[in-house]
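Overview (structure and organization)
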Amino acid sequence: MSTDLDALFMARTVALSREHMQAGHGGPFGAVVVMDGKAVAEGWNQVTSTNDPTAHAEVVAIRRACTALNRFDLKGATLYSSCEPCPMCLTAALWARVDRIVYGNTREDAAAIGFDDAPFYAEVARAPAVTMARMDHRPSAEARGVFLEWAAKPDKVAY
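Rules used throughout
Residues numbered from 1 in each chain as written. Predicted model: local features only at pLDDT ≥ 70, side-chain atom pairs only at ≥ 80, totals over all residues. Heavy atoms only, no water. Helix = DSSP H or I, 4+ residues; strand = E, 2+ residues; numbered from the N terminus. Buried < 20%, exposed > 50% of the residue type's maximum accessible area, 1.4 Å probe, protein only. Contact = heavy atoms within 4.5 Å. Areas by Shrake-Rupley, 256 points an atom, 1.4 Å probe, with all protein chains shown as cover. Lys, Arg positive; Asp, Glu negative; His and termini not counted. Charge placed at Lys NZ, Arg CZ, Asp CG, Glu CD. UniProt positions renumbered as here; feature names shortened; annotations may be inferred. Pairing = 2+ DSSP bridges. Right-handed = clockwise from strand over helix to strand, strands pointing away. 1 Å grid on protein atoms, 1.4 Å probe; cavity = no way out; pocket = protein on both sides within 12 Å on 5 of 7 lines; lining within 4 Å. Points joined across faces, edges and corners; volume = space filled by probe spheres on them. Nonpolar A, V, L, I, M, F, W, Y, C, P; charged D, E, K, R; others polar.

For the rest of this paragraph, the subject is the overall build of the chain. When helices and strands are counted, the chain shows seven helices and four strands. In the chain, the succession of α and β elements from N to C terminus is α-β-β-α-α-β-α-β-α-α-α. Across its three principal directions, the C-alpha atoms of the chain cover 50 × 35 × 30 Å. Counting over 159 residues, the chain shows a buried share of 33%. Residue pairs in contact within the chain that sit at least 24 positions apart in sequence constitute 48% of those at least 6 positions apart. Of the roughly 10,100 Å² of accessible surface on the chain, 59% is carried by carbon and sulfur atoms. Here the chain contributes 16 positive and 19 negative side-chain charges, whose respective centroids are spaced 5 Å apart.

Given below as C-alpha cells:
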C-alpha cells in the first residue's frame, strides 16, 4: 500500500542516487532506512569510490541505520531504494529483519544500463557444487568444534 511517505522517501532515494552519481561516488543508486515515519539513515552506491564491492546503497544505509540505532536488527523498518535490491542487498535486508522494501527501478531497468544481476539471482539458486565460484567442502573438526562451542555458549546473542 503506497503512502505519501512512500513518495517522500522515494524522492529522497532518487535525489541521493543522482547527487552521488554526479559527484563520482559510484553507480546511480540511493537508499533510505525509515523507522516510525522518520529517516534513520541514508546510503548511496560507493563501490568505485571506496573500492568496496559490497558498498551498495542499501548495504551502506543498513549499516548506518544499525549503527545509529545501536542494534543489529531493523525490525519495524522500511528500506527505500532507488532500484530493486540485488541479491546481496536483498539478503542484507532480510538478515537485518527489515519489514518492507519499496523500490523504484526494476532489475530489468538496471540490466538495461549495464547492472545485470540476473547471473547472481541464478547463482543463489544453484547447489554449491555447481556455482560460478568454485566451492570445495573441506570438513574440519576444529571448525565443527567452534560451532559446537557456539551452540553451548550460555551468553550468546542470537541473531
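Let us now look at the UniProt feature "domain: CMP/dCMP-type deaminase" (unreviewed entry) in the chain. Here the UniProt-annotated "domain: CMP/dCMP-type deaminase" (unreviewed entry) positions come out as residues 4–116. Secondary structure content for residues 4–116 is 45% helix and 23% strand, and the end C-alpha separation is 31 Å.

Let us now look at the pairing of strand β1 (residues 30–35). Sheet faces and side chains relate simply in a regular strand, where the side chains alternate between the two faces. In terms of burial, β1 is largely enclosed, as six of its six residues are buried. Where burial is concerned, the two faces of β1 agree: the one with Gly30, Val32 and Val34 and the one with Ala31, Val33 and Met35 are both buried. Note: β1 against strand β2 (residues 38–44), six bridges, orientation antiparallel. Across the sheet, Ala31 pairs through a bridge with Gly43, a residue of β2.

Considering the arrangement of structural elements, one finds Asn45 in the loop between β2 and α2 (47–50). In this structure Asn45 comes out as buried when scored by relative accessible area, which is 6%. Aside from chain neighbours lying at most four places away, what touches Asn45 is His25, Gly26, Gly27, Phe29, Ala55, His56 and Ala57.

A word on the pairing of strand β3 (residues 77–83). Where burial is concerned, most of β3 is hidden: seven out of the seven residues are buried. Relative to β3, β1 runs antiparallel, the two sharing five bridges. Counted as the bridge partner of Val32 is Tyr80 from β3. The β-α-β motif built from β3, the intervening helix α4 (residues 87–95) and the parallel element strand β4 (residues 100–105) has right-handed crossover chirality.

With that settled, consider the layout of surface pockets. In this structure, the largest pocket occupies an estimated 260 Å³ of space. Looking at the largest pocket, it is lined by 17 residues, and the ones nearest its centre are Phe29, Asn45, His56, Phe115 and Asp117. Of all the secondary structure elements, the ones that give two or more residues to the lining of the largest pocket are α2 and α3 (57–69). For the lining of the largest pocket, the class distribution of residues is nine nonpolar, five polar and three charged.

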